[in-house]
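Structural overview for review
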Amino acid sequence: MIWNEQIECMDPQQLKGVQSERLAKLAEYVYSNSPFYQQRFDQHKIKPDSIKTIEQITDLPFTTKIDLRDNYPFGMFSVPQKGITEIHVSSGTTGNPTVVGYTKEDIKLWSDVMARALCCAGAEPDDTIQIAYGYGLFTGGLGFHYGSLEMGLTTIPASSGQTKRQLKIMQDFKPRILACTPSYALYMAEQAKELGIDPRKSSWKIGIFGAEPWSDSMRDEIENLWDMLATDVYGLSEIIGPGVAQECPHKDGLHIFSDVFFPEIIDPATDQPVEPGQDGELVITTLTKQGIPLIRYRTRDIVSMNIEKCRCGRTSPRISKIKGRTDDMIIIRGINLFPSQIEEVLLSIEGTQPHYQIVVDRKEHGLDMVQVQVEIEEQLFSDEVRKLNELKAKIQNGIEGVVGLRVDVKLVEPKTIVRSEGKSKRVIDKRKN
Ligand code: DLL
């Protein structure tokens, strides 16, 4: 089922018309309502009424996370506070958190794009969904909630955590859909097994997983563990929360709702657009948002874009799974490394578990070292040392083959690495302390 067929399957030429009209309105709107953008436009000598087509978007300046932080808490809002009906916060690792505000109309938009996302994942109107993303200030829980209400699903606002209760809800209420982070889906499988519940017999048949990077191998792992279809959902608080892009059951890229979130892919080093299919930083303009509209927002997420029509009938461009972030790229002795590359290698090797952590440290003489800690299957620990060494070498060689860097590998026992009920922390960079 397609939630908004008229828009989601629109002829690309016609869609351009809609985007152009919306961009022209947006330029006028931010110029009149946002002191921040008024100043930016004036600095760049941009007259809002000169913006008439979507191609002109490249004339507009970028917006970055630093702009949001500098204008903490409400300086980026384009409506007076009484027009804001809801506030969410995304916690960062440094400085002030990012604050986002929604008007009533923005909540309607969020409900609509999330209903599109749920349908895109395969939800049907008589489904029940268990929402195990956090609700408190994080956008995950309520974003799914609004979409589910909009679509008329039976909604279970479980929020994250309390894993035993999650499993009981699953067994007793039999929801067909599970929404949570991929790492939490893995953790719940582990807990289920411990409680004597066979995950493959669970009622969850569709998973909508996102909010953190996860590889295709991780998908296979989750699909096998739970015997379900695992789809990817992408979003970020600054743009709306979840509901920016979603995979359909073909699992061939995430459909980005480009009539409202206009995507560009740029080379982060030159700021110039890259060709379809090439990797670059995703930049998004919110074409219709009121509370905190953003122009050319630098997401720092690295993706490629596919503009071909999908087999599901949707014409919206598709972004690849997130390949990394410009800021979580680890640079070791000049070599760029993404956690996702390491994850792919680990999960392709038999005997390893999908739980790992990457520790980066600066050793004597200023040399940077990477240690990959990975859990291995229980029974392997009773094997001879030779076999463990073989496994270690296999992982080392695998990583070296993909990344071009020799890393230290530490095999650890099951359940040594901290589990996550929300976003997991894969990299510990001790050089930053
Ligand atoms: O994580 C919104 C969300 C909630 C998305 C629930 C999906 C599901 P933030 O906390 O602002 O918002 O974090 C946004 O998380 O820029 C990406 O780096 C990362 N991210 C989000 N979805 C994915 C995904 C929510 N599917 C940041 N794959 C983004 C990889 C993701 N990374």
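Below is a summary of the structure that appears in this document. (Residues numbered from 1 in each chain as written. Predicted model: local features only at pLDDT ≥ 70, side-chain atom pairs only at ≥ 80, totals over all residues. Heavy atoms only, no water.)

Some remarks on the overall build of the chain
Rule in force here: Secondary structure is summarised from DSSP: a helix means a run of H or I of at least four residues, a strand means a run of E of at least two, and numbering begins at the N terminus for each. Our radius of gyration is a C-alpha quantity, and the globule rule it is checked against amounts to 2.2 Å times the number of residues to the power 0.38. For each residue, the accessible area found with a 1.4 Å probe, counting protein chains only, is set against the maximum for its type, and the residue is called buried under 20%, exposed over 50%, and partly exposed in between. A contact between two residues is defined here by any heavy atoms of the two lying within 4.5 Å. What sets the accessible areas is the Shrake-Rupley method with a 1.4 Å probe; for residues, cover comes only from the shown protein chains. Residues counted as positive are Lys and Arg, residues counted as negative are Asp and Glu, and His and the chain ends are not counted. Each charge is placed at NZ for Lys, CZ for Arg, CG for Asp and CD for Glu.
Check the secondary structure of the chain and you find 11 helices and 21 strands. Radius of gyration (C-alpha) of the chain: 22 Å, near the 22 Å computed for a compact globule of 433 residues. With respect to the three principal axes, the spread of C-alpha positions in the chain is 75 × 60 × 40 Å. A total of 433 residues make up the chain; the buried ones form 55% of that total. Counting contacts in the chain only where the partners sit at least 6 residues apart, residues at least 24 apart contribute 65% of the total. Carbon and sulfur atoms form 49% of the exposed surface of the chain, whose accessible area is close to 19100 Å². Distance between charge centres in the chain, computed from 52 positive and 61 negative side chains, equals 2 Å.

Observations regarding helix α11 (residues 385-403)
Here is the rule: Expected helix span is taken as 1.5 Å per residue step, with the number of steps being one fewer than the number of residues. As used here, the arc belongs to the directions running from the helix axis to the C-beta atoms.
Relative to the 27 Å expected for 19 residues at 1.5 Å per residue, α11 spans 27 Å between its end C-alpha atoms, a close match to the ideal helical length. Listing the buried residues of α11 in full gives L388, L391, I395, Q396, I399 and V403. On an axial view of α11, the arc spanned by its buried residues comes to 135°, and they lie on one face. The first or second residue beyond α11 is G404, which carries a positive phi of 85°.

Let's talk about the site of the ligand
Operational definition: Think of it this way: one heavy atom of a residue within 4 Å of a molecule or strand is enough to make that residue near it. In protein, a polar contact means a hydrogen-donor-capable atom and an acceptor-capable atom, both N or O and within 3.5 Å, with residues adjacent in sequence counting only if both atoms are side-chain atoms; elsewhere, any N or O pair within 3.5 Å suffices.
In the vicinity of the ligand lie 22 residues, with D232, V233, S237, D301 and K423 positioned nearest. Within the side chain of R325, an N or O atom sits 3.1 Å from an oxygen atom of the ligand. Within the side chain of K423, one N or O atom sits 2.8 Å away from an oxygen atom of the ligand. Protein contact buries 93% of the 610 Å² of open area that the ligand shows by itself. Of all the secondary structure elements, the ones that give two or more residues to the shell around the ligand are α6 (139-151), β7 (229-236) and β8 (241-247).

Considering the side chain of R426
Going by this rule: By convention in these notes, a salt bridge is any Lys or Arg side-chain nitrogen within 4 Å of a carboxyl oxygen on Asp or Glu.
Positionally, R426 belongs in the loop between β20 (408-412) and β21 (427-429). Buried within the structure, R426 lacks any salt-bridge partner; E343 is the closest side chain of opposite charge, at an N-O distance of 4.3 Å. For R426, the contacting residues outside a window of four places in its chain are S183, M218, E343, P354, Y356, Q357 and I358.

Things to note about the pairing of strand β6 (residues 206-210)
Side-chain positions along a regular strand alternate between the two faces of the sheet. Put simply, the test is: The rule for pairing is simple: two strands pair if DSSP sees at least two bridges between them. Note on handedness: a clockwise path from strand one over the helix to strand two, with the strands aimed away from the viewer, defines a right-handed crossover.
Among the five residues in β6, five count as buried, and that is most of the element. Across the two faces of β6 the burial is the same, with I206, I208 and G210 and G207 and F209 all buried. Sheet topology note: the strand β5 (residues 177-180)/β6 ladder contains four bridges and is parallel. Its bridge partner being in β6, A179 is matched across the sheet by I208. A crossover links β5 with its parallel partner β6, the connecting element being helix α8 (residues 182-194), and its sense is right-handed. Pairing between β6 and β7: five bridges, direction parallel. Each bridged residue has a counterpart across the sheet, and for G210 the counterpart in β7 is V233. As a crossover connection, the stretch from β6 through helix α9 (residues 216-226) into β7 is right-handed.

Some remarks on the nonpolar core
Test applied: To qualify as a nonpolar core, a set must consist of buried Ala, Val, Leu, Ile, Met, Phe, Trp, Tyr and Cys residues joined through side-chain atoms within 4.5 Å.
Membership of the largest hydrophobic core comes to 69 residues, with the highest contact counts inside it found for F144, Y234, F261, I284 and I319. Counting residues per element, this core draws most heavily on helix α5 (residues 104-121), which supplies 10 residues. Among residues more than four places away in sequence, those in contact with Y234 are P242, G243, V244, A245, L254, L282, I284, T299, D301, I319 and I322. Counting 25 residues, the second largest nonpolar core, distinct from the first, contains I342, I358, L388 and V409.

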